[in-house]
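# Working through the structure, step by step
These are the residues of each chain, in order.
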Amino acid sequence: LQEQVAFYRGIVSPDASRAGVRVYEFKVYPTATENVFRYDLVLIQSVRHDRRIAGRVEISLQGLGNGQTQVRRLSELVLSGERNMVFLFKYFEEFGGEFRLPDGFRPTRAIVAVLRDGGAVPKVEDEFEWAKIQGT
């Protein structure tokens with residue numbers, strides 16, 4: 001219940017630095033299959049902006065593979081869910097699905113880029129440490 005209250009409070013009365021479209025939450029969860037994860041992404045926009053917002057989301061995973069730093073796009077790894085995360089919403093939108101990490105690739109962080117169609121601020125980008133976004 002407290003999580004739901006915090007969620008709606010972020011939409012209705014965000015602090016000034018958090019107004020506009022933003023990533024509310026991004027989590028990944030291991031599945032029963034090795035190297036397969038489920039992801040949940042929630043975007044929100046405060047009610048101060050009382051119009052629909054459109055755009056797309058791009059998620060990249062940075063990590064180590066074969067002893068080198070690599071970047072993998074989630075859209076290339078998706079098993080289920082949307083490959084192209086296109087959004088059109090007024091207050092919030094949720095995305096989810098499953099993806100498979102390549103053998104030998106160990107992610108260290110995820111980068112979530114929210115690319116708005118038009119507008120003065122076309123891109124919002126958040127970085128998440130892999131260890132901090134993993135749920136159980």
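Residues numbered from 1 in each chain as written. Predicted model: local features only at pLDDT ≥ 70, side-chain atom pairs only at ≥ 80, totals over all residues. Heavy atoms only, no water.

### Points about the packing of aromatic side chains
Evaluation of the coordinates by the stated rule reveals five aromatic pairs. Note on Phe87 and Phe89: the rings are 5.4 Å apart at their centroids and 50 degrees apart in plane angle, and the pair reads as tilted. The exposure class assigned to Phe87 is buried, which follows from its relative accessible area of 2%. Overall, Phe89 belongs to the buried group, its relative accessible area being 3%. Every member of this aromatic cluster is reached through a ring pair, and the members are Phe37, Tyr39, Phe99 and Trp130. (Phe/Tyr/Trp six-rings, centres within 6.5 Å; stacked < 30°, edge-to-face > 60°. Buried < 20%, exposed > 50% of the residue type's maximum accessible area, 1.4 Å probe, protein only.)

### Focus on the nonpolar core
Ranked by internal contacts, the top residues of the largest apolar core, which has 29 residues, are Phe26, Leu41, Leu43, Val57 and Phe99. Setting aside chain neighbours within four positions, we find Leu43 in contact with Arg22, Val23, Tyr24, Val57, Phe87, Phe89, Tyr91, Phe92, Glu93, Phe95 and Val114. (Core = buried A, V, L, I, M, F, W, Y, C linked by side-chain atoms within 4.5 Å. Contact = heavy atoms within 4.5 Å.)

### Some points on the sheet that holds strand 7 (residues 92-100)
Spatial strand order, 1-2-7-5: four strands in an open sheet with antiparallel pairing. Single-partner strands in this sheet number two, and they are strand 1 (22-30) and strand 5 (78-80). Between one strand axis and the next, the sheet turns through 35 degrees on average, direction left out of account. Note: strand 5 against strand 7, two bridges, orientation antiparallel. Counterpart to Val78 in the pairing with strand 7 is Phe99. (Pairing = 2+ DSSP bridges. Helix = DSSP H or I, 4+ residues; strand = E, 2+ residues; numbered from the N terminus. Axes fitted to C-alpha atoms, helices over the stretch in contact; angles between N-to-C directions.)

### A few points about the pattern of salt bridges
Should the charged atoms of two oppositely charged side chains come close, the side chains can pair. With the rule as written, the count across this model stands at five salt bridges. We note a salt bridge from Arg109 to Glu129, for which the minimum N-O separation is 3.0 Å. Of this pair, Arg109 sits in strand 8 (residues 105-116) while Glu129 sits in strand 9 (residues 123-129), and the two are 20 residues apart along the sequence. Residue class for Glu129 comes out partly exposed when judged on its relative accessible area of 36%. Each of Arg56, Glu58 and Arg73 takes part in one network of salt bridges that share partners. (Salt bridge = Lys/Arg side-chain N within 4 Å of Asp/Glu carboxyl O.)

### Describing the pairing of strand 7
Along strand 7, the buried face is formed by Glu93, Phe95, Gly97 and Phe99; none of Phe92, Glu94, Gly96, Glu98 and Arg100, which line the opposite face, is buried. The pairing of strand 2 (residues 36-44) with strand 7 spans nine bridges and is antiparallel. Bridge pairing in strand 7 links Tyr39 to Gly97.

### So, the side chain of Asn35
Following the sequence through the fold, Asn35 ends up in the loop between strand 1 and strand 2. In terms of polar contacts, Asn35 uses its side chain to reach the side chain of Asp103, at 3.3 Å. Once residues within four sequence positions are removed from consideration, Asn35 is found in contact with Phe99, Arg100, Leu101, Pro102, Asp103 and Arg106. (Polar contact = N/O pair within 3.5 Å; in protein donor to acceptor, adjacent residues only side chain to side chain.)

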